[in-house]
Protein chains: 2
Amino acid sequence: MTENEKYIGVFDSGIGGLTVVKSIVETMPNENIIYFGDTAHVPYGTRSKEQITEYVLSDVKFLSRFSLKAVVIACNTADSAAREKVEEKYSDLPVYGVVAPASRKAAELTKNNKVGVIATNATVNSGAYEKTIHGYSPDIRVISLACPLLVPLVEEGRFKKGDKVIEQVLKEYLTPLKEQGIDTLVLGCTHYPLLYDVITEIMGGGVTVISSSVAAAEELKKGLKEKNLLSETADSERKYFVSDNAEDFENHALFFMGDSLGGAVEQVDIEE
Amino acid sequence: MTENEKYIGVFDSGIGGLTVVKSIVETMPNENIIYFGDTAHVPYGTRSKEQITEYVLSDVKFLSRFSLKAVVIACNTADSAAREKVEEKYSDLPVYGVVAPASRKAAELTKNNKVGVIATNATVNSGAYEKTIHGYSPDIRVISLACPLLVPLVEEGRFKKGDKVIEQVLKEYLTPLKEQGIDTLVLGCTHYPLLYDVITEIMGGGVTVISSSVAAAEELKKGLKEKNLLSETADSERKYFVSDNAEDFENHALFFMGDSLGGAVEQVDIEE
């Protein structure tokens, strides 16, 4: 296995990270990908920083069994809570995330310096988006909002235009952000790209909506390109591992990938 | 500590089991109670039977550190998936649950032999309610429905009459059950008692709604009384333990208890 053909290891608390895989496949179709979804501990978004960090370090430990050229923390909650610990413990592994790419894009695209961020409780409580956006541009006013109902609704397939429940819930969440005059909205959870159509309709034409999953794939491509590490193999490979219920994962996967997974799903006990 | 003053150990995947504690306190105010909420692994309702069983055995192992006169599996998912394993492993401990009491009550109360059960995915998939109700009365037609959005909605405080989202979601779930002419509906999840008012309104006067939490407390009282194990101590004690986020648990507890917890909450690492 050449350096370029090594795997990109992607992980998430469950299934949401597949929107990142989708964006990686769209922008870099030749990459070999290992995905791990920690479905035995999903969701991370309602847990404490300490608990999330413990789970995340186990996730990376599992991925590091494979020959990797990069790790992508494809979960805003995990990236917000445990990124530093991962970089500290796996200092030889290039670690990519979702928060920094989406923050950079938001800082670049806002014109009125008012950026909204919607995310899980844990991501919002961490303050990671404020901190990172302010690192790029200290004058931006960041308005963060936890939207805990969106993950369960998306996982139940309720993300389409015309669904009364998701439209009502999103209107309640988004109206205060809209009224505060944001011109940029970051979807700070890898589940939320599925809500892109409903969200853009509610926010209206004047607001740029940024998917952290798309931003993550763009930044990863840039990073690999700079190091001449992009793969050129035609027969790329994708493998999926979950810590519980492989069948359930497969059943939901199509929502998130919008296409077939392109590889088998296997259940593993990562504590072994 | 006399036999009667020993603790009743109650556990759940998280916070839902507090509705069982509430019913125990209402019917047996003198009992000493230890509660464990496995908030590091919540929710159980979307996980596999094997994973739930593993978590449940750890929960009971933790509770068995205390001097117990009974264990109550205050979670329909846990009771459905792992009751047999708990009884097998802790054969000297009287194990009470939620599924059997609610099933017996439904079998007694139905007049037209059509019973509806709403619960989590895991409880419905286990078939535990059908099996148990048929054990009491084989002619009853049991119509079970998984309602995966109810737990997250209740946990967000959206259980009150007039809340557009919970009313819409419940109408979608319950209308098909109503159309099939059930005269009895089991709330087969310890979160659902909070939805009692909205559910009874939607189902209308002809349907008896059974709370598995109330039924569990009634059965426990009967069992303890038969063994002369009811407590008569005036200064009863309640202690709460969680595997993650004690503060978050306390903040949500009032929804579920409808009153103060009546005891301190402590975070513990049960794997230690």
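1. So, the pairing of strand β9 (residues 238-242) of chain A
Residue and element names in this part refer to chain A.
Step number 1: Of all five residues that make up β9, four are buried, and the element is covered over most of its length.
Step number 2: Across five bridges, strand β2 (residues 33-37) lies against β9 in parallel orientation. From the neighbouring strand, G37 faces β9, where its bridge partner is V242.
Step number 3: With three bridges connecting them, β9 and strand β10 (residues 265-267) associate as parallel partners. Across the sheet, V242 pairs through a bridge with Q267, a residue of β10.
Step number 4: For the crossover from β9 across helix α11 (residues 246-257) to β10, the handedness is right-handed.

2. Focus: the side chain of S212 of chain A
All names here are of chain A.
Step number 1: Among the secondary structure elements, S212 is positioned in helix α10 (residues 212-226).
Step number 2: Residue class for S212 comes out buried when judged on its relative accessible area of 0%.
Step number 3: Among the polar contacts made by the side chain of S212, one reaches the side chain of N76 at a distance of 3.1 Å.
Step number 4: From its side chain, S212 meets the backbone oxygen of L187 in a polar contact 3.1 Å long.
Step number 5: Every residue in contact with S212, bar those within four places of it in the chain, is listed here: N76, V98, A102, Y129, L187, G188 and C189.

3. Topic: the nonpolar core
Nonpolar side chains in soluble globular proteins tend to be buried together.
Step number 1: L18 of chain A together with L18 of chain B are the most contacted members of the largest nonpolar core, which totals 145 residues.
Step number 2: Excluding its chain neighbours within four sequence positions, the residues that come into contact with L18 of chain A are Y35, Y240, F249, A253, F256, M257 and L261 of chain A.
Step number 3: In terms of nonpolar packing, the next biggest core, distinct from the first, is built from 29 residues, Y44, I52, A82 and V268 of chain B among them.

4. With respect to the sheet that holds strand β7 (residues 184-187) of chain A
All names here are of chain A.
Step number 1: Strand order in the open sheet formed by four strands is β6-β5-β7-β8, with parallel pairing between adjacent strands. Strands with a single pairing partner mark the edges of an open sheet, and in this sheet they are β6 (141-146) and β8 (208-211). Adjacent strand axes in the sheet meet at a mean angle of 20°, parallel and antiparallel pairs treated alike.
Step number 2: One ladder, built from four bridges, connects strand β5 (residues 114-119) with β7; its direction is parallel. Among the inter-strand pairings, V117 is bridged to a residue of β7, identified as V186.
Step number 3: On the sheet, helix α8 (residues 164-179) packs against β5, β6 and β7 and is oriented at approximately 170° with respect to β6.

5. Quick look at the interface of chain A and chain B
Step number 1: If you look at the interface, chain A gives 25 residues, while chain B gives 25 residues.
Step number 2: Regarding the contact of chain A and chain B, the summed buried area is about 2,000 Å², with carbon and sulfur atoms giving 45% of it.
Step number 3: Joining chain A to chain B, the criterion identifies 14 residue pairs in polar contact (both at pLDDT 80 or more).
Step number 4: Counting residues per element, the ones that place at least two in the side of chain A that touches chain B are α2 (49-63), α7 (150-155) and α8 of chain A.
Step number 5: Here the side of chain A that touches chain B gets five residues from one element, more than from any other, and that element is α8 of chain A.
Step number 6: Taken together, the residues of the side of chain A that touches chain B break down into 10 nonpolar, eight polar and seven charged.

Basis of the calculations
Residues numbered from 1 in each chain as written. Chains lettered and ligands numbered in written order. Predicted model: local features only at pLDDT ≥ 70, side-chain atom pairs only at ≥ 80, totals over all residues. Heavy atoms only, no water. Buried < 20%, exposed > 50% of the residue type's maximum accessible area, 1.4 Å probe, protein only. Helix = DSSP H or I, 4+ residues; strand = E, 2+ residues; numbered from the N terminus. Pairing = 2+ DSSP bridges. Right-handed = clockwise from strand over helix to strand, strands pointing away. Polar contact = N/O pair within 3.5 Å; in protein donor to acceptor, adjacent residues only side chain to side chain. Contact = heavy atoms within 4.5 Å. Core = buried A, V, L, I, M, F, W, Y, C linked by side-chain atoms within 4.5 Å. Axes fitted to C-alpha atoms, helices over the stretch in contact; angles between N-to-C directions. Buried area = accessible area lost by both parts, 1.4 Å probe. Nonpolar A, V, L, I, M, F, W, Y, C, P; charged D, E, K, R; others polar.

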